[in-house]
Amino acid sequence: MANDDRALPRRGFLIETVRLSGAAVLAGTAGFALGTSQHRQKHVWQLDPDLCIACGNCATHCVLDISAVKAVQFFPMCAMCDPCPGYFDLGHVNRDTGAENQLCPTGAICRTLVTEQAGVPRYEYPVDEALCIGCGKCVAGCAMMNGSLFLQVRHDRCVDCNQCSIAIACPTQAFRRVPADDPYLHKRKAREILQTKAHDA
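Residues numbered from 1 in each chain as written. Predicted model: local features only at pLDDT ≥ 70, side-chain atom pairs only at ≥ 80, totals over all residues. Heavy atoms only, no water.

Another point: the overall build of the chain. Assigned secondary structure in the chain consists of five helices and six strands. Ordering the α and β elements of the chain from the N terminus gives α-β-α-β-β-β-α-β-α-β-α. Per-residue burial over the chain gives 32% buried out of 201 residues. For the chain, restricting intrachain contacts to residue pairs at least 6 apart in sequence, the fraction spanning at least 24 positions comes to 73%. Here the chain displays about 12,300 Å² of accessible surface, and carbon together with sulfur accounts for 59% of that area. (Helix = DSSP H or I, 4+ residues; strand = E, 2+ residues; numbered from the N terminus. Buried < 20%, exposed > 50% of the residue type's maximum accessible area, 1.4 Å probe, protein only. Contact = heavy atoms within 4.5 Å. Areas by Shrake-Rupley, 256 points an atom, 1.4 Å probe, with all protein chains shown as cover.)

Overall, the coordinates contain zero disulfides when judged by the stated rule. Distance from the sulfur of C84, which forms no disulfide, to the nearest cysteine sulfur (C81) is 5.5 Å. (Disulfide = S-S within 2.5 Å.)

Next up on the list: the pattern of salt bridges. Enumeration over the complete set of coordinates arrives at nine salt bridges. Close ionic contact of E129 with R157 constitutes a salt bridge, the shortest N to O distance being 3.4 Å. Of the two residues, E129 is situated in the loop between β4 (120-124) and α3 (137-142) and R157 in the loop between β5 (149-153) and α4 (165-169); the sequence distance between them amounts to 28 residues. Between R188 and E192 there is a salt bridge, with its nearest N and O atoms 3.0 Å apart. In this pair, R188 and E192 are both assigned in helix α5 (residues 188-200), four residues apart and thus about one turn of the helix distant. Note on R188: relative accessible area 43%, which makes it partly exposed. Connected through salt bridges with shared partners, the residues E129, R154, D156 and R157 form a single ionic network. (Salt bridge = Lys/Arg side-chain N within 4 Å of Asp/Glu carboxyl O.)

With five of five residues buried, β5 is to be regarded as a mostly interior element. Every second residue of β5 is oriented toward a common face, with L149, L151 and V153 on one face and F150 and Q152 on the other, all of them buried. Across five bridges, strand β2 (residues 69-73) lies against β5 in antiparallel orientation. For A71, the partnering residue across the bridge sits in β5 and is L151. (Pairing = 2+ DSSP bridges.)

In this section: a nonpolar patch on the surface. Taken together, the side chains of L90, M144 and M145 make up a nonpolar region of the molecular surface, amounting to roughly 310 Å² of accessible area. Structurally, M145 can be placed in the loop between α3 and β5. (Patch = residues over 30% accessible without salt bridge, like charges linked within 9 Å, V, L, I, M, F, W, Y side chains within 5 Å.)

Moving on to the packing of aromatic side chains. Enumeration over the complete set of coordinates arrives at three aromatic pairs. Linked through ring pairs, Y87, F88, Y123 and Y125 together constitute an aromatic cluster. The aromatic ring of Y123 is capped on one face by R111, whose charged end is 3.6 Å from the ring centroid. Against the face of Y184 rests R154, its NZ or CZ located 5.0 Å from the ring centre. (Phe/Tyr/Trp six-rings, centres within 6.5 Å; stacked < 30°, edge-to-face > 60°. Lys NZ or Arg CZ within 6 Å of the ring centre and 35° of its normal.)

Have a look at this one:
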């Protein structure tokens, strides 16, 4: 009988210890989850230019009236072409800078003479993003050369939808979430150029 009397307090002690340990583990897990969520980095939608095929969906599927996706020019990759396939509709014989000869439907790409080399004019093609609708026609044209024009989500315009409607429509799944503190993606060739410049600096 005496042994039974000792067993009851010991059993109660063990049960209470297990109960308190479980509560401590649950509280610790909840605290960790709360701390992690508070320090979780914000992510935003971005377009991977190596996967993009300039299908035109960026212009038509954004929830905004004028797409948050814009063409950008990475000048270190630009060949500064005279007959630029990202600027001119090369199917036209006349290659003056009239709107009817340009690929861009809104005139968002400017043609700026930079220099002449051995009598050959060299041009830059900056993008006026206020006019760009993200149709990708210039990107598709430039892809025939070196691909210095590509599309990116501009975060001063993007409303950061929970589920990007362009991402849903993208045939190559080129959209993904990236850290908000580094929201722009470069093409592989552009990354290589930037790494080389950083190494040489």
